[in-house]
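# Observations on chain architecture
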Amino acid sequence: MAVLVTGGAGFLGSHIAEELINMQYDVVVLDDLSGGFLENVPGGATFIKGNITDAEIIKQVFQTYEIEYIFHLAAYAAENLSHFIRRFNYENNVVGSMNLINAAINHHVNCIVFTSSSAVYGNNQLPFHEELPPIPSDPYGVAKFAVEQDIKLANMMFNLPYIIFRPHNIYGERQNIGDKYRNVVGIFMNQILQDKPMTIFGDGQQSRSFSYIKDVAPIIAKSIHHQDAYNQVLNIGSDAVVTLNELAANIASIMAVKLRIEYLDTRHEVKHVHAAHEKIKKIFGLFAETPLEEGLRKMFNWVKQHGSRTSKDFEPLEVTKNLPGVWRKRES
Ligand SMILES: NC(=O)c1ccc[n+]([C@@H]2O[C@H](COP(=O)([O-])OP(=O)(O)OC[C@H]3O[C@@H](n4cnc5c(N)ncnc54)[C@H](O)[C@@H]3O)[C@@H](O)[C@H]2O)c1
């Protein structure tokens with residue numbers, strides 16, 4: 001019996017895989033390394049390099065291993081870039097997920113755990129709570145919501161048990177700081193390491209709640225042991241809200257550099273992301289919330305050891321109309 005973690009060479013997936021190994025599960029990681037790194041895969045996991053859109057690979061994995069649970073994290077989560085790569089976004093994040101849902105049904109897995117996103121809420125009323133009707137405001141959010149809906153249909157039709165998490169803005173060790181399209185904490189740290197100003201779209205007053213990885217990953221991993229979590233949609237993450245200006249100041253202080261921000265033109269994005277967590281607290285009890293400064297310090301200690309990362313342009317872009325200027329430049 002084994003647990004399949006798709007995207008297990010990535011940030012969140014590798015931490016969840018590690019937790020599952022500590023819980024004595026045999027872990028199989030399936031990842032195409034498009035955004036993850038082999039060195040992230042925890043020792044003790046079986047690694048298979050493969051793309052979830054490849055139905056043949058999924059078939060082979062399920063023929064080779066008796067998969068008891070699926071943790072499905074593989075996705076390209078560049079929310080704001082998804083407007084410009086809609087076909088890739090839907091193929092990778094929706095069609096790929098369908099291969100896993102089919103396999104979960106056909107092989108009678110005990111539960112599929114899916115990391116959706118608070119992106120499904122779009123510009124909804126605050127705080128986002130699970131009963132609000134989703135109104136995603138970008139293709140990435142649409143993809144996540146489509147997968148959620150399909151998982152629910154698989155549950156209705158075939159009794160496939162599921163747990164859907166909607167995380168938001170997780171940061172910490174092993175996050176890819178070299179992706180210029182996503183993860184503002186990593187982008188800021190990488191820019192500072194490269195002696196560049198931190199770039200912010202708009203006035204920096206947009207607000208987010210940042211969650212430290214080690215507060216979130218254990219809960220997702222252990223959720224399969226919580227019957228109350230089954231067939232539920234759960235927000236997960238911190239309650240503490242900060243603006244991007246505050247985040248930038250915090251990171252500059254932790255990295256002991258002068259605060260330098262370059263404000264870019266506003267882009268189309270959700271202004272405030274603030275989720276309610278009553279539902280998850282009811283099931284799992286109160287859980288640790290690492291203060292932002294402490295979590296950022298821990299991440300920076302890891303970042304220092306690994307150094308800055310080169311950022312590549314995403315290719316091919318499918319739409320260039322309204323592409324933020326900063327994403328037009330070729331830069332390292
Ligand atoms: N990090 C966050 O703040 C956050 C917030 C909400 C939701 N999520 C979701 O959590 C999951 C993990 O995100 P992350 O931040 O760890 O990202 P990540 O990029 O570090 O991890 C994703 C992993 O999936 C792999 N992958 C992507 N497409 C693949 C494909 N077609 N086939 C096989 N592997 C593929 C990548 O190589 C990478 O290792 C994603 O589904 C993301 O949408 C993350």
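The structure we're discussing is the one just above.
The structure reproduced in this document is the subject of the present report. As the structure is a computational prediction, the values presented were derived from the model and not from experiment.

### What about the overall build of the protein?
Scanning the protein from terminus to terminus reveals nine helices and 13 strands. Across its three principal axes, the protein shows a C-alpha extent of roughly 55 × 40 × 40 Å. Buried positions account for 58% of the 332 residues belonging to the protein. When contacts within the protein are restricted to residue pairs at least 6 apart in sequence, long-range pairs at least 24 apart make up 79% of them. Accessible surface computed for the protein: about 14,500 Å², of which carbon and sulfur atoms make up 50%.

### A few points about the nonpolar core
Leu20, Phe71 and Leu247 are the most contacted members of the largest nonpolar core, which totals 61 residues. The residue makeup of this core includes at least three contributed by each of domain 1 (2–170 + 211–236) and domain 2 (178–209 + 241–271 + 291–327). Residues within four places of Leu20 in sequence aside, it is in contact with Val3, Val5, Tyr25, Val27, Phe71, Ala221 and Ile224. The next biggest cluster of nonpolar side chains, apart from the first, holds 30 residues, and it includes Leu30, Ile52, Phe114 and Tyr162.

### Remarks on the packing of aromatic side chains
Across all of its chains, the model carries nine aromatic pairs by this definition. Judged by centre distance (6.3 Å) and plane angle (70°), the rings of Tyr76 and Phe88 are edge-to-face. Within this pair, whereas Tyr76 is found in the loop between strand S4 (67–72) and helix H3 (86–106), its partner Phe88 is found in helix H3, the two being separated by twelve residues in sequence. The exposure class of Tyr76 is buried, given its relative accessible area of 18%. Between Phe88 and Phe314, the aromatic rings sit 5.2 Å apart at their centres with planes inclined by 65°, giving edge-to-face as the arrangement. Here Phe88 is found in helix H3, whereas its partner Phe314 is found in the segment after helix H9 (292–306), with 226 residues between them in sequence. Of the aromatic side chains, those joined through ring pairs into one cluster are Phe84, Tyr181, Phe201 and Trp327. Cation over ring: Arg309 sits above Phe37, and NZ or CZ is 4.0 Å from the ring centre.

### Brief notes about the site of the ligand
Lining the immediate surroundings of the ligand are 28 residues, of which Asp31, Leu73, Asn92, Tyr140 and Ile170 lie closest. Interatomic distance of 3.1 Å between a backbone N/O atom of Asp32 and a nitrogen atom of the ligand. At a separation of 2.8 Å, an oxygen atom of the ligand approaches a polar backbone atom of Gly35. Relative to its free-state accessible area of 820 Å², the ligand is covered by the protein chains to the extent of 96%. Where the shell around the ligand is concerned, the elements lending two or more residues are helix H1 (11–22) and helix H4 (139–158). Across the shell around the ligand, the residue classes tally to twelve nonpolar, twelve polar and four charged.

### So, the packing of H3 against H4
In the contact formed by H3 and H4, the axes pass within 9 Å of each other and the chain directions differ by 15°. The angle between H3 and H4 falls in the class roughly parallel. The handedness of the crossing between H3 and H4 comes out as right-handed. Of H4, the residues touching H3 (which contributes Arg86, Asn89, Tyr90, Asn93, Val94, Ser97, Met98, Ile101 and Ile105) are Pro139, Tyr140, Val142, Ala143, Ala146, Val147, Asp150, Ile151, Ala154 and Phe158.

### Things to note about the pairing of strand S5 (residues 111–115)
For S5, the buried fraction is high: five of the five residues fall into the buried class. Side chains Cys111, Val113 and Thr115 project from S5 onto one buried face, and the interleaved Ile112 and Phe114 project onto a second face that is buried too. Pairing analysis gives four bridges linking S4 to S5, with the strands arranged parallel. Within S5, the residue paired with His72 across the bridge is Phe114.

### Considering the pattern of salt bridges
If charged atoms from side chains of opposite charge come close, those side chains can pair. Across all of its chains, the model carries 14 salt bridges by this definition. In this structure, the salt-bridge partner of Arg309 is Glu39, at a minimum N-O distance of 3.9 Å. Of the two residues, Arg309 sits in the segment after H9 while Glu39 sits in the loop between strand S2 (26–31) and strand S3 (46–49), which places them 270 residues apart along the sequence. Looking at Arg309, the relative accessible area reads 14%, which means it is buried. Connected through shared salt-bridge partners, Arg208, Arg267 and Glu269 make up one network.

The rules behind each value
- Residues numbered from 1 in each chain as written.
- Predicted model: local features only at pLDDT ≥ 70, side-chain atom pairs only at ≥ 80, totals over all residues.
- Heavy atoms only, no water.
- Helix = DSSP H or I, 4+ residues; strand = E, 2+ residues; numbered from the N terminus.
- Buried < 20%, exposed > 50% of the residue type's maximum accessible area, 1.4 Å probe, protein only.
- Contact = heavy atoms within 4.5 Å.
- Areas by Shrake-Rupley, 256 points an atom, 1.4 Å probe, with all protein chains shown as cover.
- Core = buried A, V, L, I, M, F, W, Y, C linked by side-chain atoms within 4.5 Å.
- Domains from an automatic or database assignment.
- Phe/Tyr/Trp six-rings, centres within 6.5 Å; stacked < 30°, edge-to-face > 60°.
- Lys NZ or Arg CZ within 6 Å of the ring centre and 35° of its normal.
- Near = heavy atom within 4 Å.
- Polar contact = N/O pair within 3.5 Å; in protein donor to acceptor, adjacent residues only side chain to side chain.
- Nonpolar A, V, L, I, M, F, W, Y, C, P; charged D, E, K, R; others polar.
- Axes fitted to C-alpha atoms, helices over the stretch in contact; angles between N-to-C directions.
- Parallel < 35°, antiparallel > 145°, perpendicular 65-115°, else oblique.
- Left-handed = near helix turned anticlockwise from the far one by under 90°.
- Pairing = 2+ DSSP bridges.
- Salt bridge = Lys/Arg side-chain N within 4 Å of Asp/Glu carboxyl O.

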